[in-house]
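Residue-level structure breakdown
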Amino acid sequence: MRQEPVPTPLIHPARSRLSSPLGGLRRMASSGRLTEAAMIAPFLTFFLLFTILPVAAAIVLSLTDFDMIRMPRFIGFENYVRLFIEDDVYLIAVKNTLVFAMITGPLSYFACLVFAWLINELRPGIRSVMTLLFYAPSIAGNVFFIWIFIFSGDANGLVNSTLLRLGILQDAVKWLTDPRYSLAIIILVQLWLSLGVGFLSFIAGLQSIDPSLYEAGAIDGIRNRFQEFVKLTLPSMGPMLMFGAVMQIAVSFGVSNVCSALAGFPSTDYAAHTIVLHMQDYGTLRFEMGYASAIATLLFLTMLLLKRGISKILSRYAA
Amino acid sequence: MGILKQVFGARAGKRVSRSMGGDLGIFSLMIVVAAFMCLPFVYAIMQSLKPMEEIFIFPPRFFVRNPTFENFRMIGRFANSLWVPFSRYLSNSVVVTVTATLGQIVFCSMAAFVLSKGSLRGRKVLFSTIVAMLLFSYEVTAIPLYIVLSRMNLVDTHGALILPMFAAPLGLFLMKQYMETVPIAVIESARVDGAGPFLVYARIVMPTVKPAWLTLVILSFQAIWSREGLEFIYSEQLKVVPTLLRQISAGGIARVGIGAAAAVIMMIPPIVTFVVSQSRVIETMAHSGIK
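First things first, this report covers the structure right here in the doc. (Residues numbered from 1 in each chain as written. Chains lettered and ligands numbered in written order. Predicted model: local features only at pLDDT ≥ 70, side-chain atom pairs only at ≥ 80, totals over all residues. Heavy atoms only, no water.)

1. Let's talk about the packing of helix H11 (residues 197–208) of chain B against helix H12 (residues 210–225) of chain B
Residues and elements named next belong to chain B. Running from N to C, H11 and H12 point in directions that differ by 75°, and their axes come no closer than 5 Å. One element, H11, and the other, H12, form an angle in the roughly perpendicular class. On H12, the residues touching Met206, Pro207 and Thr208 of H11 are Lys210, Pro211 and Trp213. Looking at the contact of H11 with H12 residue by residue, the classes come out as 4 nonpolar, 1 polar and 1 charged. (Axes fitted to C-alpha atoms, helices over the stretch in contact; angles between N-to-C directions. Helix = DSSP H or I, 4+ residues; strand = E, 2+ residues; numbered from the N terminus. Parallel < 35°, antiparallel > 145°, perpendicular 65-115°, else oblique. Contact = heavy atoms within 4.5 Å. Nonpolar A, V, L, I, M, F, W, Y, C, P; charged D, E, K, R; others polar.)

2. Things to note about the pattern of salt bridges
Pairs can form between side chains of opposite charge whenever their charged atoms are close. According to the stated counting rule, one finds 12 salt bridges over all chains in the structure shown. Between Arg82 of chain A and Glu288 of chain A there is a salt bridge, with the nearest N and O atoms lying 3.1 Å from each other. Of the two residues, Arg82 of chain A is situated in helix H4 (residues 78–85) and Glu288 of chain A in the loop between helix H15 (275–285) and helix H16 (289–317); the sequence distance between them amounts to 206 residues. Lys239 of chain B serves as the salt-bridge partner of Glu236 of chain B, at 3.1 Å between the closest nitrogen and oxygen. Across the pair, exposure class does not vary: Glu236 of chain B and Lys239 of chain B are buried alike. Salt bridges here are not isolated pairs; linked through shared partners, they connect Glu121 and Arg225 of chain A together with Asp23 of chain B. (Salt bridge = Lys/Arg side-chain N within 4 Å of Asp/Glu carboxyl O. Buried < 20%, exposed > 50% of the residue type's maximum accessible area, 1.4 Å probe, protein only.)

3. Details of the layout of surface pockets
The calculated volume of the largest pocket comes to roughly 880 Å³. The wall of the largest pocket is formed by 42 residues, among which Ser260, Ala261, Gly264 and Phe265 of chain A together with Arg246 of chain B lie closest to the centre. Going through the elements one at a time, helix H7 (146–150), helix H14 (257–263) and H15 of chain A together with helix H7 (138–151) and helix H13 (241–249) of chain B are the ones with two or more residues in the lining of the largest pocket. When grouped by side-chain class, the residues that make up the lining of the largest pocket number 22 nonpolar, 13 polar and 7 charged. Within this model, the second largest pocket holds a volume of roughly 630 Å³. Around the second largest pocket, the lining comprises 25 residues; the ones closest to its centre are Tyr109, Phe110, Ile310, Ile313 and Leu314 of chain A. For the lining of the second largest pocket, the secondary structure elements donating two or more residues are helix H5 (88–120), helix H12 (225–233), helix H13 (238–254) and H16 of chain A. A breakdown of the residues in the lining of the second largest pocket according to their chemical character gives 22 nonpolar, 3 polar and no charged. (1 Å grid on protein atoms, 1.4 Å probe; cavity = no way out; pocket = protein on both sides within 12 Å on 5 of 7 lines; lining within 4 Å. Points joined across faces, edges and corners; volume = space filled by probe spheres on them.)

4. Some remarks on the environment of Asn79 of chain A
All names here are of chain A. Summarising the element assignment, Asn79 is placed in helix H4. Remark: the alpha-carbon pair of Asn79 and Ser62, spanning 17 residues in sequence, is separated by 6.8 Å. Beyond its immediate chain neighbours, meaning those up to four positions away, Asn79 contacts Leu61, Ser62, Leu63, Thr64, Gly290, Tyr291 and Ala294. Within polar-contact distance, the side chain of Asn79 engages the backbone oxygen of Thr64 at 2.9 Å. (Polar contact = N/O pair within 3.5 Å; in protein donor to acceptor, adjacent residues only side chain to side chain.)

Put into structure tokens, the structure is as follows:
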């Protein structure tokens with residue numbers, strides 16, 4: 001009988017330990033990768049659960065009929081067809097949101113830029129006071145609702161009483177519930193609220209520009225501050241301009257709270273109805289989640305496309 | 001034109017491209033806009049101090065004549081009519097804001113450290129995903145988020161207001177951008193001394209990026225403090241101050257005084273925190289560019 005040869009290990013014991021899964025972990029630990037993974041895991045978990053999952057779920061559920069109780073039922077693009085063909089209120093909301101975004105978006109953006117620039121011209125002490133005054137509306141909680149009393153529809157409202165006393169108005173105007181005025185007032189209030197994070201980013205960007213750039217510019221024949229702003233300041237703020245644009249798109253398309261607080265929900269003739277409010281209507285009141293998801297998906301898509309467009313324009317002007 | 005010199009400061013002849021007319025124009029414009037920005041605040045303070053008869057006086061006056069704190073006391077009584085004391089709304093707001101802000105600082109700063117100084121694969125992809133998500137504000141994702149939260153049985157708990165804030169894209173973004181400015185040499189030398197990633201993060205990077213996490217504290221505090229969370233909270237005893245404020249202001253002119261008083265209470269914490277930390281916030285925002 002032949003003796004069974006003692007099987008020689010193909011791999012050296014020490015090396016085999018290294019290539020086993022546990023060895024991999026150990027190697028990661030020694031290089032700190034395991035700790036790194038543990039440090040990023042909490043953020044990653046919550047980011048996936050509460051940011052990525054909702055967006056992904058909205059896209060998938062937009063193709064279904066889903067009422068939160070029964071299982072979602074696949075219906076293809078029926079929700080989208082319904083949005084554009086049957087839902088007149090949605091089309092009003094789209095129109096309002098676009099009007100709103102096209103006016104407040106660029107206006108707020110330029111307001112942020114121009115006021116950051118002007119504030120930067122001031123002496124440091126006065127600069128901080130002005131920064132606070134301009135930034136305060138966007139941080140002061142829900143204080144915007146005080147505009148309800150300023151534009152109150154009775155003769156006691158600040159605007160009405162002032163205009164009545166000056167003889168400009170004969171009767172009190174229902175600023176917030178009259179569909180002719182409500183969207184304009186909301187735009188005004190949104191402009192008041194608009195100097196937010198993007199504004200701070202611009203101020204910071206302006207302050208970190210090297211002063212020697214301006215000295216060189218003056219030698220090269222920059223004559224006034226507008227020339228200086230266009231030729232020197234803007235090009236060196238490229239990345240900030242993009243950040244400000246992203247923040248502005250986020251605010252302009254997310255508008256909902258201000259509308260419902262000022263003009264009521266639903267507003268008269270849907271004059272202040274926006275896409276987000278329409279989504280909230282179907283989501284939280286009617287529980288038609290598939291339909292609400294379709295609204296969300298279209299909104300995501302619009303915002304992404306707009307960001308791309310703006311990014312292209314900005315990269316051409318400020319590189 | 002001494003006042004212009006006071007406002008704009010001496011330029012020591014460096015920036016020649018300035019005209020006095022321009023200075024004057026800028027100054028006047030700033031004053032007008034600043035007045036517009038201030039108006040609602042001053043109006044809120046005035047209304048909050050007016051006794052009932054001054055609020056209903058006709059024609060109405062802008063300024064208060066006999067200031068009283070009656071409206072502030074009335075907030076408590078209004079809240080009692082909803083069977084929940086005002087202190088409960090306030091403590092809910094504090095609990096939600098403090099927990100969410102703390103969680104956000106810890107989660108975002110650790111992840112930002114790994115993304116900016118770590119060696120894990122896929123960091124770039126993850127970061128660009130996060131930057132893309134900056135676009136979707138909380139209003140836009142509220143309904144899809146509601147679906148997720150309700151599957152997790154978190155609707156109508158404070159968890160619905162707190163947990164999604166832990167991984168705020170803006171928080172991570174600002175932290176990571178600021179951490180990029182910490183020189184790699186500092187970190188390498190700590191590694192040579194045998195410090196693991198967590199030690200480097202806690203002992204070296206976090207103290208260096210203090211302006212960044214202070215800014216994050218301010219921004220996150222402001223954002224969460226003013227959030228209503230109407231979609232996520234139904235129970236009156238779990239609601240936060242902004243929700244109460246909306247309920248008060250929905251009552252029309254009869255509640256102008258209380259509404260204004262509640263608004264004044266609401267606006268004090270975020271404004272005070274910003275005043276205290278303004279220079280650090282600006283310092284952090286200097287790194288907020290998206291390339």
